[in-house]
Amino acid sequence: MGPLPINNHQSQVPACRDEHLTIEFDAQAALLDSQRMTLTRKEYDLLALLVQHAGEIIPRDALLMRVWGYGAEIRTRTLDVHVRRLRKKLGGYADQYIETIFGIGYRFQPFHAPRFYQHPVIKPAIAIGA
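Definitions and cut-offs
- Residues numbered from 1 in each chain as written.
- Predicted model: local features only at pLDDT ≥ 70, side-chain atom pairs only at ≥ 80, totals over all residues.
- Heavy atoms only, no water.
- Helix = DSSP H or I, 4+ residues; strand = E, 2+ residues; numbered from the N terminus.
- Buried < 20%, exposed > 50% of the residue type's maximum accessible area, 1.4 Å probe, protein only.
- Contact = heavy atoms within 4.5 Å.
- Areas by Shrake-Rupley, 256 points an atom, 1.4 Å probe, with all protein chains shown as cover.
- Phe/Tyr/Trp six-rings, centres within 6.5 Å; stacked < 30°, edge-to-face > 60°.
- Expected span 1.5 Å × (residues − 1).

**Student:** Quick one: what's the story with the overall build of the chain, residue by residue and with numbers?
**Tutor:** Tallying secondary structure elements over the chain gives four helices and seven strands in all. Secondary structure elements in the chain, listed N-terminal to C-terminal, are β-β-β-β-α-β-α-α-α-β-β. Within the chain, the fraction of its 130 residues that count as buried is 46%. Counting only contacts in the chain whose residues sit at least 6 apart along the sequence, the fraction spanning at least 24 positions is 47%. Surface accessibility of the chain: about 7,200 Å² in total, with carbon and sulfur atoms responsible for 52%.

**Student:** Kindly report on the packing of aromatic side chains, identifying the contributing residues and their values.
**Tutor:** Each aromatic ring pair is described using two quantities: the centre-to-centre distance and the angle formed by the ring planes. Going through the model one piece at a time under the given rule, you end up with two aromatic pairs. Plain terms: the ring middles of Y93 and Y97 are 6.3 Å apart, the flat faces sit at 65° to each other, and that makes the pair edge-to-face. With respect to class, Y93 is no different from Y97; both count as buried. With centroids separated by 5.2 Å and ring planes inclined at 10°, the aromatic side chains of Y97 and F108 adopt a geometry described as stacked. Taken together, the residues Y97 in helix α4 (residues 94–97) and F108 in strand β7 (residues 105–108) connect sequence positions eleven residues apart. Pair check on accessibility: Y97 and F108 agree, each one buried.

**Student:** I'd love a proper account of helix α3 (residues 78–90), names of residues and values included.
**Tutor:** End to end, α3 covers 18 Å across 13 residues, agreeing with the expected 18 Å (1.5 Å per residue, within 8%). Those residues of α3 that sit buried are T78, L79, D80, H82, V83, L86 and L90. Following α3 by one or two positions, G91 adopts a phi angle in the positive range, close to 55°.

Spatial relationships are all this shows, so hold off on functional conclusions.
Right, dumping it as structure tokens:
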């Protein structure tokens with residue numbers, strides 16, 4: 001899975017797959033080890049956005065704007081709650097897939113991607129006002 005363009009809820013690519021997780025963009029469905037995940041609409045939207053930008057850091061403000069339509073002035077824990085729920089549903093794979101970049105945002109990593117974070121220069125995957 002690599003970075004893919006996001007276009008609201010649909011992607012130009014019909015699906016992304018790795019060893020455990022499949023996202024079917026056309027069907028707006030996620031499968032974990034071939035079992036369909038039960039996700040709310042916002043959980044799916046968040047997961048799909050993260051997957052479409054796999055390997056890229058997405059700032060909190062950009063996620064809140066793209067998934068919920070919240071501006072930077074809104075202070076909410078909605079994102080944290082949804083990430084926590086997604087991690088719970090991803091079970092033992094959660095820490096591999098969703099990485100918290102403290103003070104910045106989140107990054108989705110494919111299953112066997114190396115996990116490291118270099119702090120010096122950060123170019124967000126999605127502009128906050130996009």
